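Working through the structure, step by step
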Amino acid sequence: MQYNLTAVFAWAADCILLSILLLPLWLRNRARMFILLWSAALAMMGVGLLGLTYVDPKANLLFALPIAALVVAEALSAAGLISLYGEDRPLRFTVLSLSVWLAAFILFSISSFGPVAAVASYFLAVIVIAIYALHFLKYHATFKEVRFHRSIPLIFLFEAVSALAIAVTYVLEGPAAPHEGALASITLIAGFVLFSAKIFLAVWLSIEKYEFYLKRLAFHDPLTGILNRRGFFEKIGQRLKTASATDIFAYLTIDIDHFKSVNDQLGHSAGDAAIVRFTSTVEDGIDLSYLFGRTGGEEFAIFLKVEDERAAIGLAERIRLLLADTGHRHTAGSTPLTVSIGIAIQRGAGFDLETMLSQSDRALYAAKNNGRDCVVAYGAGEPPGTAERLQA
């Protein structure tokens with residue numbers, strides 16, 4: 001072989017060392033199968049590279065063994081990478097990739113390709129792996145939360161094109177190709193760069209994925225999936241940073257009527273089901289640009305920019321009527337839901353969130369005093385003395 005055996009040996013040693021270092025990460029959480037797949041991929045890549053340094057390419061069958069290890073490494077690395085997007089059959093995918101390589105190797109060997117057979121079939125397998133990954137990402141990928149997720153299809157596309165170019169070159173060069181120093185070096189360098197890029201992207205995207213989940217846990221309600229109190233007020237703060245002095249904002253405090261009786265009479269599972277049904281109904285009835293969050297057990301809130309108070313009251317009435325209609329449409333045994341809604345309005349100039357919250361709470365208190373299942377805007381429809389009672 002004409003390429004630098006020391007460099008190949010060093011690459012192999014690095015792969016095996018990284019494989020060992022990844023294992024403790026998987027052992028800490030065995031649900032993260034992609035880490036185990038990458039560890040196995042690195043180990044197989046190291047084994048394959050070590051084989052290339054010791055096996056003579058002229059020994060066709062023996063030379064096929066390290067090449068097979070490299071195919072398994074490529075399949076495992078790809079399987080681990082696309083598992084971040086929902087692929088859940090990594091072992092089947094790896095076996096199929098190895099089968100494609102073996103079939104191509106047998107066919108090329110019968111066709112008197114000589115030492116080229118193992119290498120050409122390897123690149124054919126790499127092309128198949130890349131094509132499958134691209135197909136899966138296009139039609140079946142379910143995870144799009146990470147930034148720059150389109151870098152994964154691009155790396156697979158580049159890998160398929162480069163593998164095709166190298167495979168064609170090997171076939172055109174014929175049996176002398178494995179001994180040709182420049183071509184062998186280009187092949188190894190391309191393989192090193194692409195494999196390293198996939199592993200780097202895999203680690204990076206997995207970190208992005210778990211950062212996203214941690215943020216979701218911190219800022220979203222686990223039962224309903226909408227913003228929790230912390231996330232809701234965090235988003236309000238972000239909205240206010242870009243607000244102008246003339247913007248008008250509405251804050252709707254929504255409380256499910258008699259919710260405690262639902263838990264007491266039907267159980268907490270029925271209460272949870274009612275919360276989920278309520279959330280789904282409200283989400284279907286509001287614009288995606290509105291902030292909607294769960295600020296307490298049965299208390300929710302909506303924050304939005306409006307043209308005037310009438311627009312806010314109209315939205316609140318629409319939500320109230322949607323809930324009432326949903327209660328009648330559900331099957332027997334489900335709990336009809338009604339809500340009391342308090343509204344507060346403020347302009348961007350001199351905006352004070354604490355004052356707005358206090359005003360919406362007062363309006364909600366008035367709505368409950370008015371018999372529940374109604375909407376009250378702060379300053380309109382409050383029973384006499386409401387503000388004084390709240391201050392007392």
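Residues numbered from 1 in each chain as written. Predicted model: local features only at pLDDT ≥ 70, side-chain atom pairs only at ≥ 80, totals over all residues. Heavy atoms only, no water.

Our next topic: the overall build of the protein chain. Helix and strand content of the protein chain: 13 helices and five strands. For the protein chain, the proportion of its 392 residues judged to be buried stands at 47%. Long-range pairs, those at least 24 residues apart, make up 70% of the contacts in the protein chain with a sequence separation of at least 6. Carbon and sulfur atoms form 62% of the exposed surface of the protein chain, whose accessible area is close to 19,600 Å². (Helix = DSSP H or I, 4+ residues; strand = E, 2+ residues; numbered from the N terminus. Buried < 20%, exposed > 50% of the residue type's maximum accessible area, 1.4 Å probe, protein only. Contact = heavy atoms within 4.5 Å. Areas by Shrake-Rupley, 256 points an atom, 1.4 Å probe, with all protein chains shown as cover.)

Here we take up the nonpolar core. Formed by 66 residues in total, the largest nonpolar core has its most connected members in Leu49, Ile67, Trp101 and Phe156. Within the residue set of this core, elements represented by two or more residues are helix H1 (5–28), helix H2 (33–54), helix H3 (60–82), helix H4 (90–110), helix H5 (116–139), helix H6 (151–173) and helix H7 (181–219). Setting aside chain neighbours within four positions, we find Phe156 in contact with Ala78, Leu81, Ile82, Ala130, Ala133, Leu134, Leu137 and Lys198. Core analysis: the second largest hydrophobic core is formed by 28 residues, Ile275, Phe300, Leu304 and Val306 among them. (Core = buried A, V, L, I, M, F, W, Y, C linked by side-chain atoms within 4.5 Å.)

Neither face of strand S2 (residues 291–294) is left uncovered, since the one carrying Leu291 and Gly293 and the one carrying Phe292 and Arg294 both have all their residues buried. With four bridges connecting them, S2 and strand S3 (residues 299–306) associate as antiparallel partners. Note that in S3 the partner of Arg294 across the bridge is Phe300. As consecutive antiparallel partners, S2 and S3 are separated by four residues. (Pairing = 2+ DSSP bridges.)

H2 packs onto H1 with a crossing angle of 160° between their chain directions and a minimal axis gap of 8 Å. When the interaxial angle is binned, H1 and H2 end up roughly antiparallel. Of the two elements, H1 crosses H2, and the hand of that crossing is left-handed. The class makeup of the residues in the contact of H1 with H2 is 22 nonpolar, four polar and no charged. (Axes fitted to C-alpha atoms, helices over the stretch in contact; angles between N-to-C directions. Parallel < 35°, antiparallel > 145°, perpendicular 65-115°, else oblique. Left-handed = near helix turned anticlockwise from the far one by under 90°. Nonpolar A, V, L, I, M, F, W, Y, C, P; charged D, E, K, R; others polar.)

We now examine the confidence of the model for the protein chain. The predicted model of the protein chain averages 82 in pLDDT, with 84% of residues at 70 or higher. Segment residues 381–392 is flagged for pLDDT under 50; beyond a separation of four residues in sequence, or across chains, it makes 21 contacts in the model. (pLDDT = per-residue confidence, 0-100.)

Throughout the structure, instances matching the rule amount to 12 aromatic pairs. Residues Phe249 and Phe303 carry aromatic rings whose centres are separated by 5.2 Å and whose planes lie at 10° to one another, so their mutual orientation is stacked. You can see Phe249 sitting in strand S1 (residues 248–256) and its partner Phe303 sitting in strand S3, a full 54 residues away along the chain. Measuring from centroid to centroid gives 6.2 Å for Phe303 and Phe351, while their planes differ by 90°, and the two rings are edge-to-face. Highlighted residues: Phe303 in strand S3 and Phe351 in the loop between strand S4 (339–347) and helix H12 (353–369), separated in sequence by 48 residues. (Phe/Tyr/Trp six-rings, centres within 6.5 Å; stacked < 30°, edge-to-face > 60°.)

Let's shift gears to the sheet that holds strand S5 (residues 375–377). Consider a sheet: its strands pair through backbone hydrogen bonds, and that pairing is either parallel or antiparallel. Taken in spatial order, the five strands make up an open sheet running S2-S3-S1-S4-S5, and their pairing is mixed. A strand with exactly one partner marks an edge of an open sheet, and here the two such strands are S2 and S5. Neighbouring strand axes in the sheet, compared pairwise and without regard to direction, differ in orientation by 20° on average. Of the strands in this sheet, S1, S2, S3 and S4 touch helix H10 (residues 268–285), which is tilted by about 175° from S2.

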